[in-house]
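Structural characterization, general
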Amino acid sequence: TLNLNSGSITANCAIDYGNTGSTGEGFGGGVFAANSTTVNLGGTIISGNWASKSQVGYGGGICMETAITYTSALNMTSGTISGNIASQTEEGNGGGLYLKGNITATMSGGTISGDTASSDSIGYGGAFFIGENAKVTSDSSTVNVSSNYATRNSGSQGYGGAFYLSLIHISEPTRLLRSSLMPSS
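Fair warning: this is a prediction, and the values are worked out from it, not measured in the lab.

**So, the environment of N93**
For N93, the location among the structural elements is in strand β12 (residues 92-93). Relative accessible area serves as the criterion here: at 3%, N93 is assigned to the buried category. Expressed as a C-alpha distance, the spacing of N93 and G125, which sit 32 residues apart in the sequence, is 6.2 Å. When residues no more than four places from it in sequence are discounted, the contact partners of N93 are V56, G57, Y58, G59, A86, Y98, A117, Y124 and F129. Of the polar contacts made by the side chain of N93, one reaches the side chain of E91; its length is 3.2 Å.

In structure tokens form, the structure reads like this:
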């Protein structure tokens, strides 16, 4: 279990080809959690992180992925996920959050804004990439999802500025979508 109740996780990079000589994919610029984990986010700021600066990236802010036999959970009651990038130059998946596998995400507060799936290439889900078997629930209108980008390059393809959904289940979609359309004050 990872409890993030205050402070910040900023300016981190899971993989930076230019600095490390690595050519692999990047998973979770701020946080990576796999197989039977719980992440509780209640006040922490996760911002300015990259999953990858030069390769395919998954989850600029948070990447959670499980194998089929495991279950994980994300509980967000407050906090901010903003200004994260899944990939600077290649395919990006989930600028703010990448969720794939048996994951239940419960969103009851907080802000997800200004995240980008890919700055220069194809992007899937500026705020959220929600993949197979993931379940997202919002029981509150206090979740703000705004100003996210699937891609920032006009010559590239972008899918889902806020959400990219792939064989998933969303509970209370009207609440989560309504909260993403509410103007910021």
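There's more to say after this.
**Describing the sheet that holds strand β22 (residues 158-159)**
Spatially, five strands are ordered β4-β8-β12-β17-β22 in an open sheet, and the strand pairing comes out parallel. A single partner strand is all that each edge strand has here, and the edge strands are β4 (26-27) and β22. Where β12 lies against strand β17 (residues 123-124), two bridges are found, and the strand directions are parallel. Considered in β17, the bridge of G92 is made with G123.

**Points about the pairing of strand β6 (residues 38-47)**
Taken together, the three bridges between strand β1 (residues 2-4) and β6 define a ladder with parallel strand orientation. Bridge pairing in β6 links L4 to L41. In terms of strand pairing, strand β2 (residues 8-10) meets β6 through three bridges, oriented parallel. When the sheet's bridge partners are listed, I9 is paired in β6 with I46. Where β6 meets strand β10 (residues 72-82), eight bridges bridge the pair, whose relative direction is parallel. Paired with S47 across the two strands is S82, which belongs to β10.

Rules used throughout
- Residues numbered from 1 in each chain as written.
- Predicted model: local features only at pLDDT ≥ 70, side-chain atom pairs only at ≥ 80, totals over all residues.
- Heavy atoms only, no water.
- Helix = DSSP H or I, 4+ residues; strand = E, 2+ residues; numbered from the N terminus.
- Buried < 20%, exposed > 50% of the residue type's maximum accessible area, 1.4 Å probe, protein only.
- Contact = heavy atoms within 4.5 Å.
- Polar contact = N/O pair within 3.5 Å; in protein donor to acceptor, adjacent residues only side chain to side chain.
- Pairing = 2+ DSSP bridges.

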